[in-house]
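# Structure assessment
Now for the letters of each chain:
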Amino acid sequence: MDSYEGSIDPLADLARAEGVQASVGAPIVVDGRVWGVLVALWGRTGPPPPGTEHELAQFTELVATAIANTESRAELTASRARLVFAADEARRGIERDLHDSVEQRLISLGLEVRAAEALAPQELGELRSRLSDTAVGLSGVFEDLQRIVRGIHPAILSQGGLGSAIKALARRCPVPVAVHPGPKRRLPGYVEVAAYYVVSEALANSATQADVSAIDVNVDIVADDGPAQGEVLSVAVHDNGAGDADPRQGSGLAGVRDRVEALGGTLTLTSPSGRGTSLSVKLPLDDRHRQGADADWPSGT
């Protein structure tokens, strides 16, 4: 628009009221659709300089590329989050099936073998011994299956919440673990699962170090000091080992990092020499990264 003089419309009236004499606009086209428009305004009298339209069009192409890249990253993050939610739901289904069918069947078989042992005559000592060994073997298989099921998806997490699940991890750890009181309320299911695996992996890594004699776990809800300005779940695990941990070693920590970042969280590992190893994770408590995924599992199921 070389001049708004003589134009009769609300936009021209507004331009004149603001002292705008001329303008140049170019559409921002992203993936074949008009995303917006970029407009340059002039307050001096006379048309814009020659070539302004061409230069503005070139600039909008750069803007469109930046917008497309941002949208692609957002779509990638949402896709990663959906994969995490789907995998967790599948693991939870496997855990439920194993608990409701295989575990119950093993318990039933163990009771039947014990009953058969009790009915066997005393003079059939070898038979009674074999029945007893079979019952012991079934009990061992049951315990092994329970450990596998906990690795697939911890039932205590759904039933008792994050605090109870972390305390159970601490009890099973060969190194003394101090667990500080965490959030009193239930959190979104995907957040609790992510926090559980963070603590589980951190305890496993620390327990393998011969120089670690104490581990501290702190889980709490804090205010986000980043641009999101919301609540986040803070998970911090610190041991008193020798430090010098290499985050590039092992796939467990890499898997945890992928899970945390897919949910829009951050993971930081610090391990100065002689000062132990600290793992710090922050997970957002809103659902901006869920993208419609149904990840809030009901408690007590």
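Below: a short report on this structure. (Residues numbered from 1 in each chain as written. Predicted model: local features only at pLDDT ≥ 70, side-chain atom pairs only at ≥ 80, totals over all residues. Heavy atoms only, no water.)

### What about the overall build of the chain?
Counting its regular elements, the chain contains seven helices and seven strands. Listing each helix as α and each strand as β along the chain from the N terminus yields α-β-β-α-α-α-α-β-α-β-β-α-β-β. Looking at the 301 residues of the chain, the share that counts as buried comes to 36%. Across the chain, contacts joining residues at least 24 apart in sequence account for 65% of those joining residues at least 6 apart. Total accessible area computed for the chain in this model is approximately 17,300 Å², and 55% of it derives from carbon and sulfur atoms. (Helix = DSSP H or I, 4+ residues; strand = E, 2+ residues; numbered from the N terminus. Buried < 20%, exposed > 50% of the residue type's maximum accessible area, 1.4 Å probe, protein only. Contact = heavy atoms within 4.5 Å. Areas by Shrake-Rupley, 256 points an atom, 1.4 Å probe, with all protein chains shown as cover.)

### Comments concerning unusual backbone geometry
Its identity is not glycine, yet Asp31 carries a phi of approximately 55°, on the positive side. Within the fold, Asp31 resides in the loop between β1 (22–30) and β2 (33–42). The exposure class assigned to Asp31 is exposed, which follows from its relative accessible area of 68%.

### Some details on the nonpolar core
One recurring pattern in soluble globular proteins: nonpolar side chains tend to sit buried together. Leu162, Leu203, Ile215, Val217, Leu233 and Leu283 are the most contacted members of the largest nonpolar core, which has 40 residues in total. At the level of elements, α5 (162–172), α6 (189–207), β4 (215–223), β5 (231–239), α7 (252–262) and β7 (277–284) are the ones that each hand at least two residues to this core. Filtering out sequence-adjacent residues up to four positions away, Ile215 remains in contact with Cys173, Val175, Pro176, Val177, Ala178, Leu203, Ser206, Val237, His238 and Asp239. In this structure, Leu131, Phe142, Leu145 and Val149 belong to the second largest nonpolar core, which totals 10 residues. (Core = buried A, V, L, I, M, F, W, Y, C linked by side-chain atoms within 4.5 Å.)

### Structural notes on the pairing of β7
A regular strand places its side chains on the two faces of the sheet in alternate fashion. As judged from the eight bridges shared by β5 and β7, these two strands associate in the antiparallel manner. In the sheet register, Val237 faces β7, and the bridge partner there is Leu279. (Pairing = 2+ DSSP bridges.)

### Overview of α7
All buried positions along α7 are accounted for by Leu253, Val256, Arg259, Val260 and Ala262. Directly after α7, the chain includes Gly264, whose backbone phi takes a positive value near 85°.

### Some points on the pairing of β4
Here strand β3 (residues 177–180) runs beside β4; their pairing, made up of four bridges, is parallel. Across the sheet, the residue bridging to Val177 is Ile215, located in β4. Sheet topology places β4 next to β5; nine bridges connect them, and they run antiparallel. Along β5, the bridge assignment pairs Val219 with Val235.

### Considerations on the side chain of Ser7
Among the structural elements, Ser7 can be located in the segment before α1 (10–17). Relative accessible area serves as the criterion here: at 16%, Ser7 is assigned to the buried category. Once you skip the residues sitting within four places of it in the chain, Ser7 turns out to touch Met1, Ala12, Asp13 and Arg16.

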